[in-house]
Amino acid sequence: MTPLPRTFYLPNAEVVARALLGATLTFEDKRVRIVETEAYVGPHDLASHASKGRTPRTEVMFGPPGRAYIYLIYGMYELLNVVTGPEGDAQAVLIRAAEPLSGALKGKTDGPGKLTRALGVTRAHNRHDLCAPPLTITAGTPPTRVVRAPRIGVDYAGTWRDAPLRFYDADSPFVSRR
DNA sequence: CGCTGGATTCGA
DNA sequence: CGAATCCAGCGC
């Protein structure tokens, strides 16, 4: 399969988060179907790391769309994001959960930390261009029903805490719990 | 340079 | 409910 074109990542994070549901995430020989995402809509979004401004860590979010933003959280989990929006517009979509498609996975994929661990994706792939191997996203099977809800674990985000920017496949048993 | 706390997960 | 485990961001 051909990776989704860079133009796919050009719209805002909310649109891309919704559009990524059902798409296939591939890393080397491992493939999963994305079933849960969250949109981080810009520097004004207090839940986004981009709200701290342009720093060494957030730099990639201010760059061109279609790149991976991967960071370490709680000292032990790597979370995978996709940068969206035009260059200079720091938006991103967190990939929270997926369904296994290949059998080579090293564990569960029903949570953002577990997903990257099962795929073997690490910070070494931060800034990687998702339009080229080994880490890519291709078209897949869209969900029948999509649920929109508040994001998980962003209680610190003030007025942005309850913004309904989380999307998931209502019929998938692989959506993260909570 | 020291301090604080986190887009999580698992086990008690 | 709290520990694990480490580093970004910030203040001094």
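The structure we're discussing is the one just above.
Residues numbered from 1 in each chain as written. Chains lettered and ligands numbered in written order. Predicted model: local features only at pLDDT ≥ 70, side-chain atom pairs only at ≥ 80, totals over all residues.

Asks: Explain the protein's contact with DNA strand B to me, please; I cannot follow it from the model alone.
Replies: Leu 94, Gly 111, Gly 113, Gly 153 and Tyr 156 are the nearest of the 20 residues found near DNA strand B. Residue classes in the surface near DNA strand B are distributed as 11 nonpolar, 8 polar and 1 charged. (Near = placed C-beta within 6 Å. Nonpolar A, V, L, I, M, F, W, Y, C, P; charged D, E, K, R; others polar.)

Asks: I keep staring at the environment of Leu 115 and nothing clicks. Help me out?
Replies: Relative to the helices and strands, Leu 115 resides in helix H2 (residues 112-119). Since 28 C-beta atoms lie within 10 Å of it, Leu 115 is described here as buried. Residues Leu 115 and Pro 134, spaced 19 residues apart in sequence, show a C-alpha to C-alpha distance of 16 Å. When near neighbours in sequence (up to four residues on either side) are disregarded, Leu 115 contacts Leu 80, Ile 95, Ala 97, Ala 98 and Thr 109. (Helix = DSSP H or I, 4+ residues; strand = E, 2+ residues; numbered from the N terminus. Buried ≥ 20, exposed ≤ 12 C-beta atoms within 10 Å, placed from the backbone. Contact = placed C-beta atoms within 7 Å.)

Asks: Explain the protein's contact with DNA strand C here, please?
Replies: Taken together, His 49, Lys 52, Thr 55, Pro 56, Arg 57, Thr 58, Leu 72, Tyr 74, Gly 75 and Met 76 are the residues near DNA strand C. The residue inventory of the surface near DNA strand C, partitioned by class, reads 4 nonpolar, 4 polar and 2 charged.

Asks: Teacher, can you tell me more about the nonpolar core here?
Replies: Nonpolar side chains in soluble globular proteins generally cluster together in the buried interior. In this structure, Ile 34, Val 82, Ala 92, Val 93, Ile 95 and Ala 98 are the most contacted members of the largest nonpolar core, which totals 49 residues. When residues of this core are assigned to their parent elements, the largest contribution, 6 residues, is made by strand S5 (residues 91-100). (Core = buried A, V, L, I, M, F, W, Y, C linked by C-beta atoms within 7 Å.)

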